[in-house]
Amino acid sequence: MEKYSNDRPKRLRDMPLGHSQREMFPNGTPSLRPADAAVFEFRRKLIRHPAFTTAVQAIERCHLYGHHLVEEPDCLLITGVSGAGKSTIRRTYAARYPREELEEITMIRVLDLELPAAPTIKNVAERILIALGDPYPDKGSAETKTGRIITLFKSCGVELVMLDEFQQFVANSEGKIEYKVADWLKQLINATRVPFVLLGLPRCKRILELNEQLRRRFLPQATLSPFSIKTKREAIKFAEFLSTIHSQTPLSKPSAFIEPAVVPLMFYATNGLIDYVMKLTSSAIQIALEEERECIDIDVLRRAFEKAIWSQVDRERNPFDSEFIPRLLNKDGEPFSGYC
Ligand SMILES: Nc1ncnc2c1ncn2[C@@H]1O[C@H](COP(=O)(O)OP(=O)(O)OP(=O)(O)O)[C@@H](O)[C@H]1O
Ligand SMILES: [Mg+2]
């Protein structure tokens, strides 16, 4: 099973470079208990579920076509709700093409970055220039910055750009769109002839609905849908996904979460989102190992749900409690409110 390079837990990943362990842990580094080590190891695993593979193949196609065609490149939009795994896909793909430091220049075949909140031409251009290693990313007008981006794309050998958090272009919940930035992006794609992969929440699609020129370039689209149990087929897919995860757990005996009767409970507990499945199973592994159990039983899942997903849960709304009344937990104040 592959490990992804940028996949340290978010808090560590987000630490500024050069942050020493002493600064992170002023009272000394806490010692790593075996249960923690096993959980870290588990969380580093990359699960290649079908939607993940489909999205990666779509990126490969976009990359390959962009590399071989000189005409306007076809771009790709990948959408999915929060926690569906978009950024994981981006990081995994980018990690296949590490930067190469040559004597005069850094080769960056895949440029991978997140859009800033409240994007403007200025701050997006700056962000791209920083990622390209421009020594003065904030210097110059929007036009000169764009010019430098085009030159640096050529000299760094950029073949593909992956822009995450694309929903930032839809400025607010009323759907106001940053047209100027979207137009600028279109011009950048034309000028560089490099395909762009945009990743973001489902509301990104609105940008393309309203901007026909961008839409034409983003006909290929991929959606990372959460798992579902609505149909038998979907429920089987979710059960297979849980089995794959199960094969990665460090416990010696089969755990409850792959039992047919527990699969729907796993769905209610996670809303079918990989993020929550990983949170729940990691927490269950930790509890089981700390208590020296050989497997994860339903009671461990009940406590893991409380610990990792909803600390205030009552018995009727904990999917692993005998009092649970089966339903989606998406009302106000519940863990999946806002999700369908
Ligand atoms: N393929 C995968 N294998 C293993 N774990 C994964 C995978 N995809 C996602 N995860 C887990 O889910 C968490 C959330 O995933 P990710 O950050 O990629 O979601 P996202 O769609 O980018 O969410 P957001 O829209 O909030 O940024 C990851 O930190 C990781 O723990
Ligand atoms: Mg993300």
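**Section: the overall build of the protein**
Here is step 1: Looking only at helices and strands, the protein has 14 helices and seven strands in total.
Here is step 2: Here the protein holds 340 residues, and 45% of them are scored as buried.
Here is step 3: Taking the contacts inside the protein whose residues are at least 6 apart along the sequence as the reference set, 67% of them involve residues at least 24 apart.
Here is step 4: For the protein, the exposed surface amounts to about 18,100 Å²; the carbon and sulfur share of it is 52%.

**Some details on the nonpolar core**
Here is step 1: Grouped together as the largest cluster of nonpolar side chains are 41 residues, with contacts concentrated most on Phe-238, Phe-241, Met-266, Ile-296, Leu-301, Phe-305 and Phe-320.
Here is step 2: Every element with two or more residues in this core is listed here: α3 (34-43), α11 (232-247), α12 (263-270), α13 (274-290) and α14 (298-308).
Here is step 3: Setting aside anything within four residues of it in sequence, one finds Met-266 in contact with Phe-238, Leu-242, Phe-257, Leu-280, Thr-281, Leu-301 and Phe-320.
Here is step 4: In this structure, Ala-131, Cys-156, Leu-188 and Ile-189 belong to the second largest nonpolar core, which totals 36 residues.

**Topic: the sheet that holds strand β6 (residues 196-200)**
Here is step 1: The sheet built from five strands is open, its strands ordered β4-β5-β6-β1-β7 with parallel pairing. Sheet topology places β4 (110-114) and β7 (221-224) at the edges, where each strand pairs with a single neighbour. With direction set aside, neighbouring strand axes in the sheet form an average angle of 15 degrees.
Here is step 2: Pairing between strand β5 (residues 160-164) and β6: three bridges, direction parallel.

**Focus on unusual backbone geometry**
Here is step 1: The phi dihedral of Ala-118 is positive, around 50 degrees, even though this residue is not glycine.
Here is step 2: Among the structural elements, Ala-118 can be located in the loop between β4 and α6 (121-131).
Here is step 3: Phi is positive for Asn-271, close to 60 degrees, though the residue is something other than glycine.
Here is step 4: The exposure class of Asn-271 is buried, given its relative accessible area of 6%.

**Topic: the site of ligand 1**
Here is step 1: Around ligand 1, 19 residues are found, and the nearest of them are Ile-47, Ser-82, Lys-86, Ser-87 and Thr-88.
Here is step 2: At 2.9 Å from an oxygen atom of ligand 1 is found a side-chain nitrogen or oxygen belonging to Arg-43.
Here is step 3: At 3.3 Å from an oxygen atom of ligand 1 is found a main-chain nitrogen or oxygen belonging to Ala-84.
Here is step 4: Alone, ligand 1 offers 640 Å² of accessible surface; in the complex the protein occludes 86% of this.
Here is step 5: Put simply, the parts of the chain that give the shell around ligand 1 at least two residues each are α5 (86-95) and α13.
Here is step 6: In the shell around ligand 1, the residues fall into nine nonpolar, five polar and five charged.
Here is step 7: Structurally, the shell around ligand 1 is a two-domain feature, drawing no fewer than three residues from each of domain 1 (50-224) and domain 2 (228-340).

**Quick notes on the side chain of Asn-318**
Here is step 1: Summarising the element assignment, Asn-318 is placed in the segment after α14.
Here is step 2: Here Asn-318 is in contact with Arg-302, Phe-305, Glu-306, Val-313 and Phe-324, once residues within four sequence places are set aside.

**Observations regarding the environment of Tyr-276**
Here is step 1: With respect to the secondary-structure elements, Tyr-276 resides in helix α13.
Here is step 2: Under the relative-accessibility criterion, Tyr-276 is labelled buried at 18%.
Here is step 3: Placed ten residues apart in sequence, Tyr-276 and Met-266 show a C-alpha to C-alpha distance of 9.7 Å.

**Some details on the pairing of strand β1 (residues 76-80)**
Here is step 1: Counting buried positions over the five residues of β1 gives five, a clear majority of the element.
Here is step 2: Across the two faces of β1 the burial is the same, with Leu-76, Ile-78 and Gly-80 and Leu-77 and Thr-79 all buried.
Here is step 3: As defined by bridge partners, β1 adjoins β6 across four bridges and the pair is classed as parallel. Its bridge partner lying in β6, Thr-79 is registered against Gly-200.
Here is step 4: Where β1 and β7 come together, four bridges link them in parallel fashion. Bridging from a neighbouring strand, Leu-77 pairs with Gln-221 of β7.

**With respect to the confidence of the model for the protein**
Here is step 1: Of all residues in the protein, 89% attain a pLDDT of 70 or more, and the chain-wide mean is 88.
Here is step 2: Of the regions scoring below 50 in pLDDT, residues 1-18 engages in 26 contacts with residues more than four places distant in sequence or in other chains.

**Re the pattern of salt bridges**
Here is step 1: On inspection of all chains with the given rule, the structure shows 22 salt bridges.
Here is step 2: The residue Lys-122 makes a salt bridge to Glu-126 at a minimum N-O spacing of 3.4 Å. Of this pair, Lys-122 and Glu-126 both sit in helix α6, separated by four residues, roughly a single helical turn.
Here is step 3: On the basis of relative accessible area, Glu-126 is assigned to the buried category, the value being 17%.
Here is step 4: For Arg-302, the salt bridge identified is with Asp-299, shortest N-O distance 2.8 Å. A residue pair is termed a helical-turn pair when its members lie 3 or 4 positions apart in one helix, as Arg-302 and Asp-299 do in helix α14 at three residues.
Here is step 5: Classification of Asp-299 by relative accessible area gives partly exposed; the value is 29%.
Here is step 6: Salt bridges linked by common partners bring Glu-291, Arg-293, Asp-297, Asp-299, Arg-302 and Arg-303 together as one network.

So, how was this worked out
- Residues numbered from 1 in each chain as written.
- Chains lettered and ligands numbered in written order.
- Predicted model: local features only at pLDDT ≥ 70, side-chain atom pairs only at ≥ 80, totals over all residues.
- Heavy atoms only, no water.
- Helix = DSSP H or I, 4+ residues; strand = E, 2+ residues; numbered from the N terminus.
- Buried < 20%, exposed > 50% of the residue type's maximum accessible area, 1.4 Å probe, protein only.
- Contact = heavy atoms within 4.5 Å.
- Areas by Shrake-Rupley, 256 points an atom, 1.4 Å probe, with all protein chains shown as cover.
- Core = buried A, V, L, I, M, F, W, Y, C linked by side-chain atoms within 4.5 Å.
- Pairing = 2+ DSSP bridges.
- Axes fitted to C-alpha atoms, helices over the stretch in contact; angles between N-to-C directions.
- Near = heavy atom within 4 Å.
- Polar contact = N/O pair within 3.5 Å; in protein donor to acceptor, adjacent residues only side chain to side chain.
- Nonpolar A, V, L, I, M, F, W, Y, C, P; charged D, E, K, R; others polar.
- Domains from an automatic or database assignment.
- pLDDT = per-residue confidence, 0-100.
- Salt bridge = Lys/Arg side-chain N within 4 Å of Asp/Glu carboxyl O.

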